[in-house]
Amino acid sequence: MSDTPVIGVLALQGDVREHLIALASADALARPVRRPEELAEVDGLVLPGGESTTMSKLATLFGLLDPLRERVRGGMPVYGTCAGMILLADKILDPRAGQETIGGIDMIVRRNAFGRQNESFEAAVEVAGVEGGPVEGVFIRAPWVESVGARAEVVAEHAGHIVAVRQGNALATSFHPELTGDHRVHALFVDMVRAVG
């Protein structure tokens, strides 16, 4: 891998464009991923916000769910925001019928834990590993992490709830840093991808 890693954004549903912009601003070559052959060409992957049940069903439909699980289990760096966090959870507390996860982080996640769309909010969040002060977290129908296993590291909390977790090459936030213009969390992820290369 060169110093400019190729990082995909799962482009089945959700705020794909914003992640592509944030990754490019953090010196990565960013591209959308919709098919298994596109997944095979990236060094790391972002799972965007959106609707986690829809995303898991589309991933199955597009033949991506099993390849995603294999790449994550194989150590490919992956970063999930909001719905992406839910997809990375080994367990969902309140799954919808037919909802599946990719897994990769030993955590239990509660969907829509911070409330409905009209209860969305922004808050300053201190994220371990991100220098320069707190990041502005945008919480939209956001999940939180009920608990983590021994292998997972809590990297941010808000109002007494876990909102960011890292386990090996996997990172997840319940908020949307791609919506703020502050690309430090994406820069942290790009560094994680470089470290694997």
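Everything here concerns the structure above.
On a predicted model such as this, the values are computed, not experimentally measured, just so you know. (Residues numbered from 1 in each chain as written. Predicted model: local features only at pLDDT ≥ 70, side-chain atom pairs only at ≥ 80, totals over all residues. Heavy atoms only, no water.)

Focus: the nonpolar core
- Of all hydrophobic cores here, the largest spans 33 residues; its most connected members are L39, L47, L68, I105 and M107.
- Excluding its chain neighbours within four sequence positions, the residues that come into contact with I105 are L88, A89, D90, A152, V165, Q167, A170, L171 and A172.
- By size, the runner-up hydrophobic cluster in this structure holds 32 residues, among which are V9, A11, V135 and L171. (Core = buried A, V, L, I, M, F, W, Y, C linked by side-chain atoms within 4.5 Å. Buried < 20%, exposed > 50% of the residue type's maximum accessible area, 1.4 Å probe, protein only. Contact = heavy atoms within 4.5 Å.)

A look at the pattern of salt bridges
- Tallying each qualifying case throughout the model produces ten salt bridges.
- The partner of R35 in a salt bridge is E38, with the nearest N and O atoms 3.2 Å apart.
- Measuring nitrogen to oxygen at the nearest pair gives 2.9 Å for the salt bridge that ties R69 to E100. Within this pair, whereas R69 is found in helix α4 (residues 65-73), its partner E100 is found in the loop between β5 (89-92) and β6 (105-110), the two being separated by 31 residues in sequence. (Salt bridge = Lys/Arg side-chain N within 4 Å of Asp/Glu carboxyl O. Helix = DSSP H or I, 4+ residues; strand = E, 2+ residues; numbered from the N terminus.)

Topic: the packing of helix α1 (residues 16-25) against helix α6 (residues 184-196)
- As a packed pair, α1 and α6 sit with axes 9 Å apart at the nearest point and diverge in direction by 70°. One way to sum up the angle between α1 and α6 is to call them roughly perpendicular. Classified by chirality, the crossing of α6 by α1 is right-handed. Between α1 and α6, the residues in contact are H19, A22 and L23 and H186, F189 and V190, respectively. (Axes fitted to C-alpha atoms, helices over the stretch in contact; angles between N-to-C directions. Parallel < 35°, antiparallel > 145°, perpendicular 65-115°, else oblique. Left-handed = near helix turned anticlockwise from the far one by under 90°.)

Digging into the environment of T60
- Mapping T60 onto the fold places it in helix α3 (residues 52-61).
- Residue classification places T60 among the partly exposed positions, given a relative accessible area of 44%.
- Expressed as a C-alpha distance, the spacing of T60 and V9, which sit 51 residues apart in the sequence, is 16 Å.
- Look past the residues within four positions of T60 in its chain and what remains in contact with it is L65 and E100.
- For T60, the side chain forms a polar contact with the main-chain oxygen of S56, separated by 3.0 Å. (Polar contact = N/O pair within 3.5 Å; in protein donor to acceptor, adjacent residues only side chain to side chain.)

Some thoughts on the packing of aromatic side chains
- Throughout the structure, instances matching the rule amount to six aromatic pairs.
- On the numbers, 5.2 Å between centres and 65° between planes, the contact of F114 with F139 is edge-to-face. Here F114, found in the loop between β6 and β7 (121-125), pairs with F139, found in strand β8 (residues 135-139); they are 25 residues apart in sequence, far enough to count as distant. For the pair F114 and F139, one class covers both residues: buried.
- Ring centres 4.7 Å apart and planes at 10° place the aromatic pair F121 and F139 in the stacked group. Note that F121 is positioned in strand β7 and F139 in strand β8, a separation of 18 residues in sequence.
- The partly exposed category is assigned to F121, whose relative accessible area is 24%.
- Aromatic ring contacts, followed pair by pair, group F114, F121, F139, W144 and F175 into a single cluster. (Phe/Tyr/Trp six-rings, centres within 6.5 Å; stacked < 30°, edge-to-face > 60°.)

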